[in-house]
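Residues per chain, in single letters:
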Amino acid sequence: MGMLSEERSNGSSMKQRASGKVLFDMVCTHLNLVEGDYFGLELQDHRKMAVWLDHLKPIAKQIRRPKQCVLRFVVKFFPPDHAQLLEELTRYLFALQIKYDLACGRLTCNDSSAALLVSHIIQSEIGDFEETQCRQHLLNNSYIPDQMALIDKIMEFHHKHVGHTPAVSDFQLLEVARRLEMYGVRLHPAKDREGSKLSLSVAHTGVLVFQGHTKINAFNWSKVRKLSFKRKRFLIKLRPDLNQSAYQDTLEFMMASRDCCKVFWKICVEYHAFFRLFEEPKPKPKPVLFSRGSSFRFSGRTQKQVIDFVKDTEFKKIPFERKHSKVQCNSNSPLPSLRSQVPKESAKCAARERSSSPAKHHWKEPALVSAEDSPALRNRASPSSQRNGREDRHEEGGRATLSSSRHQAAEPLNTEPVSGSPRLLGAAQGMVNGQRHANGVGHSPDGPQPSPLTSPLLNDAATRTDDEDEARRKRFPTDKAYFVAKELLTTERTYLKDLEVITVSFQSMLEKEEATPDSLKNVILSNFEPLYKFHTGFLREVEQRLALWEGRSNAHIKGDYQCIGDVMLKNIQGIKQMAAHLQKQSEMLLELEKACRASRKLEGLCRDFELQKVCYVPLTVFLLRPLHRLLHYKQILERLCKHYPPAHADFRDCRAALADVSEMVTQLHSSMVKTENYQKLLELKKDLIGTDNLAAAGREFIRLGCLSKLSGKGLQQRMFFLFNDVLLYTSRGMTATNQFKVHGQLPLRGMTIRGSEDEWGVPHAFTLVAQRQSVVVAASSLSEMEKWMEDIKTAAEQAETSNGLTSELMASSMNDHKFLEDSALEPESEDDLSASRSSLERQAPHRGNTMVHVCWHRNTSVSMVDYSMAVENQLSGNLLRKFKNSNGWQKLWVVFTNFSLFFYKTHQDDYPLASLPLLGYSVTIPTESENIHKDYVFKLHFKSHVYYFRSESEYSFERWIEVIQSATSGRGAVSSREEAQAH
């Protein structure tokens, strides 16, 4: 594209009355650019002033002499964080803009910063450092004024970038540039009331005032009430500031002409709308008689709309050429995790699939197809998977992804359709800058990961008809008690597999590690081994009883074996004899945490264990499975007792077993609540950076979720964590660990809360007033706002009466910088500039699809009450799955736990092939128009992603809907197929 694209307009290529948007979209189409909204076409008008091509006006009115007019395709909106640029191509174009601004002297900085910027540029252009080549290249090419004096410094920096691909170099270049005071600044000459020469500029934060190249003032958007101009005067009207005695309502600046004022006013309007609004402002109705003032308005998508669009839309990958680079992009080099996009559906791939070409590597959303079932997908692997020594498959919505572990967050990025799979080409085909186009656009192999929420791909190889299953299902008993007993069987199989994770996999790891204290080995071995042995026998008895019930073993045997109460009573009484083991669960958590604190090596081994395929949920969750299993037995027995009439032969045994298990649950309830809370604090501790003593005695977790925080930079996505004494707010770290960095804390004692939608003009906004500061946040929906306000208000009231728990959670090293994100000024220093170079080199692997990341990507929240419900609502069994545009149904073993569906080929598999987090999804019944002519089918859908699942009976159909609704956005239970269709 050249340093910057310069195109001579050609009036004959489009209609004479075509608007500026038509031409702009043609340019984006030509570049295969999806995130084109950050750019604009710049030209000189008849007054020789640089102006932006107006998208709404006809081109003929803006360009009087087309053959002599040069349009320059340049960056128009500079975001505060380049991680918000989701495509590699977009970052490449931004890097070209930085390169141009450096060369022309517009981007000024100190010598060290300039040398560091140039070193990233030449790393992208010529590759790894070689002294002779590097020196000769710098002698032949000028990147900054007075470059000769800095050649040695540039080469010194270049030597440190070995292994960086062009994509990584672009990322690091933008990381350095965004910290500079003049980044994205376009100066407009002006004077103040005293006649002093100044310059005005606009940025994502608001209006800036410069004297020379030094920023002397900044007016954040939150402080600006109105911007206007009158003749040569540019006016900024401010909101009242009660903290200042000498308050000035209106600031006035003189510019060279009315046209200069109008040009600057227009770009201010566009910057404010692009960065501050959720959606494009609607046009005002035309006045009947006459108009007053300018009718100009921002036209196009806002930044939020652009990000949401790219996250939620699938594209066909279109490669682009780096005309200034002699280096071929090698996707094996890792990029910083720009977006660990959402939760994910993660599928695993065998190590033999590593033979894929580097050019085919993509970071995308998770998937449901195994490597064996989908040969067409085997040639894709993520850089992170290669670093960790294995490849795991993720697919979703037609995107195939290989991830380093089941816990790594999958995010929708690149969406290259699988060859020969026409159903992938629908929504993914040809979207350019948000418009449909024949060629389509994708994300770069080295690009960031998007939000984990699309749908798993069903490969044709895995599609099958299910006539045999249907015939077999018709031979099964129809009594509801049989299906309740079958639920006991399927969930017991999953429970035994979970026990194996501890007794086999984790126990063997501990035995090999010398640093493991004997107390930890003994408490796990002595409690889990007896449980595993007991439940192995229990499962065998249930399998035998179900075989007799179904008539598979002895078809002549009738009703004597069509019951399950006697088996339940016998084994529940056996579990009562093992109550001492169940009471040791909290002791195991404490021993494990104590051992990890004492040994860094053991802590690392536990972290690595959580990255293994068998550990599909956090390790601490497995340790609590025996307690949660009692709740499942209680629910199953309650359903049986409710179903049976008192005179039924099985009723007495079921009622006796229910009494025994209810007694155990009551005895263990108090310790179970405390243990679950402690387990949740330990889990959150792994997701947070910058906290001290999170799992302190007396601290209770209440809610976590995503809110938009209003600051000087506008609305910024933040992750909030509510405890019974403090509210933390964090941002997602730009590191390989995918952890969340704490920015600040608000003590609950003395906190008040009020709605503030009208005050700030932001939907679902409310203000938190703490002792030392106030914070304005906005929820994604009315229901989310109500949940947060209710929980915070209740917690604040309880904090007033509590005592003894300190609210100081932030690490001392973090406290000094906790409000840095709200500062409009980011100081430029060599330490800051070099930090990005080493941040990726020191980080350890980390789970990326924990519930915290799911909430981040789906912009929602989860409370401790939701977690408590989730441990009760667990289910396993066979389901038939179908995608929206596929013909056949695929049989899968499905496990619902931890707000997610995990997919296996059979119940004997040791680890899932894929997973689908359900937060944000809705569960409904297919309509007639969807042509699903089968019984017991329910639909899961999230935005454009749709799955159909088919169960074997009305009972299992109702149970799946019941448990899934406990984790999705829907809360109303659907009791039967007939009732659901009536809605």
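In the block above lies the structure referred to throughout.
Report follows, based on the coordinates. (Residues numbered from 1 in each chain as written. Predicted model: local features only at pLDDT ≥ 70, side-chain atom pairs only at ≥ 80, totals over all residues. Heavy atoms only, no water.)

1. Digging into the pattern of salt bridges
Side-chain pairing between opposite charges can occur once the charged atoms of the two side chains come close.
Turning to step 1, where the next piece is worked out: Evaluated as defined, the whole model comprises 36 salt bridges.
Turning to step 2, where the next piece is worked out: Glu42 serves as the salt-bridge partner of Arg72, at 2.7 Å between the closest nitrogen and oxygen. Taken together, the positions of Arg72 in strand β4 (residues 70-75) and Glu42 in strand β2 (residues 39-44) put the pair 30 residues apart, joining distant regions of the chain. Here Arg72 matches Glu42 in class, with each residue buried.
Turning to step 3, where the next piece is worked out: Through salt bridges with shared partners, a single ionic network connects Glu487, Arg639, Arg959 and Glu962. (Salt bridge = Lys/Arg side-chain N within 4 Å of Asp/Glu carboxyl O. Helix = DSSP H or I, 4+ residues; strand = E, 2+ residues; numbered from the N terminus. Buried < 20%, exposed > 50% of the residue type's maximum accessible area, 1.4 Å probe, protein only.)

2. Quick look at the packing of helix α13 (residues 480-512) against helix α14 (residues 518-550)
When two helices pack together, their arrangement is given by the angle between the helix axes and the distance between those axes.
Turning to step 1, where the next piece is worked out: For the pair α13 and α14, interaxial distance at closest approach is 8 Å and the crossing angle is 150°. In terms of their interaxial angle, α13 and α14 are classed as roughly antiparallel. Here the hand of the crossing between α13 and α14 comes out left-handed.
Turning to step 2, where the next piece is worked out: By residue class, the composition of the contact of α13 with α14 is 22 nonpolar, 4 polar and 9 charged. (Axes fitted to C-alpha atoms, helices over the stretch in contact; angles between N-to-C directions. Parallel < 35°, antiparallel > 145°, perpendicular 65-115°, else oblique. Left-handed = near helix turned anticlockwise from the far one by under 90°. Nonpolar A, V, L, I, M, F, W, Y, C, P; charged D, E, K, R; others polar.)

3. Some points on the environment of Asn110
Turning to step 1, where the next piece is worked out: Turning to its location among the elements, Asn110 is positioned in the loop between α3 (88-103) and α4 (111-126).
Turning to step 2, where the next piece is worked out: Here Asn110 falls in the partly exposed class, since its relative accessible area comes to 37%.
Turning to step 3, where the next piece is worked out: Sequence separation of Asn110 and Leu180 is 70 residues, and the distance between their C-alpha atoms is 9.4 Å.
Turning to step 4, where the next piece is worked out: Side-chain polar atoms of Asn110 contact the backbone nitrogen of Ser112, separated by 3.3 Å.
Turning to step 5, where the next piece is worked out: Among the polar contacts listed, one links the side chain of Asn110 to the backbone nitrogen of Ser113, at a separation of 2.7 Å. (Polar contact = N/O pair within 3.5 Å; in protein donor to acceptor, adjacent residues only side chain to side chain.)

4. Thoughts on unusual backbone geometry
Turning to step 1, where the next piece is worked out: If you check the backbone angles, Asn32 has positive phi at about 55° while not being a glycine.
Turning to step 2, where the next piece is worked out: In this structure, Asn32 sits in the loop between α1 (20-31) and β2.

5. Side note on the sheet that holds strand β30 (residues 937-942)
Turning to step 1, where the next piece is worked out: Pairing is antiparallel in the open sheet, where 7 strands are placed in the order β28-β27-β26-β25-β31-β30-β29. On the outer flanks of this sheet lie β28 (914-917) and β29 (922-924), each paired with one strand and no other. Pairs of neighbouring strands in the sheet enclose a mean axial angle of 35°, with direction left out of account.
Turning to step 2, where the next piece is worked out: Strand direction decides the pairing type here: β30 and strand β31 (residues 945-950), joined by 6 bridges, are antiparallel. (Pairing = 2+ DSSP bridges.)

6. Some words on helix α7 (residues 166-177)
Turning to step 1, where the next piece is worked out: With 12 residues, α7 extends 16 Å between its outermost C-alpha atoms, agreeing within 8% with the 16 Å of an ideal straight helix rising 1.5 Å per residue.
Turning to step 2, where the next piece is worked out: Counting buried positions along α7 gives 12 out of 12 residues, so the element sits mostly inside the fold.
Turning to step 3, where the next piece is worked out: For α7, the complete set of buried residues consists of Pro166, Ala167, Val168, Ser169, Asp170, Phe171, Gln172, Leu173, Leu174, Glu175, Val176 and Ala177. (Expected span 1.5 Å × (residues − 1).)

7. Observations regarding empty space enclosed by the protein
Turning to step 1, where the next piece is worked out: Across all of its chains, the model carries 8 cavities of 30 Å³ or more by this definition.
Turning to step 2, where the next piece is worked out: Counted as a void, the largest cavity has a volume near 160 Å³.
Turning to step 3, where the next piece is worked out: Lining the largest cavity are 15 residues, with His628, Gln679, Tyr867, Val871 and Asn898 positioned closest to its centre.
Turning to step 4, where the next piece is worked out: Considering each element in turn, the lining of the largest cavity owes the most residues, 5 residues, to helix α27 (residues 864-872).
Turning to step 5, where the next piece is worked out: Shared between two domains, the lining of the largest cavity holds at least three residues of each, these being domain 3 (478-685) and domain 5 (874-981). (1 Å grid on protein atoms, 1.4 Å probe; cavity = no way out; pocket = protein on both sides within 12 Å on 5 of 7 lines; lining within 4 Å. Points joined across faces, edges and corners; volume = space filled by probe spheres on them. Domains from an automatic or database assignment.)

Keep in mind these numbers describe shape, not what the thing actually does.
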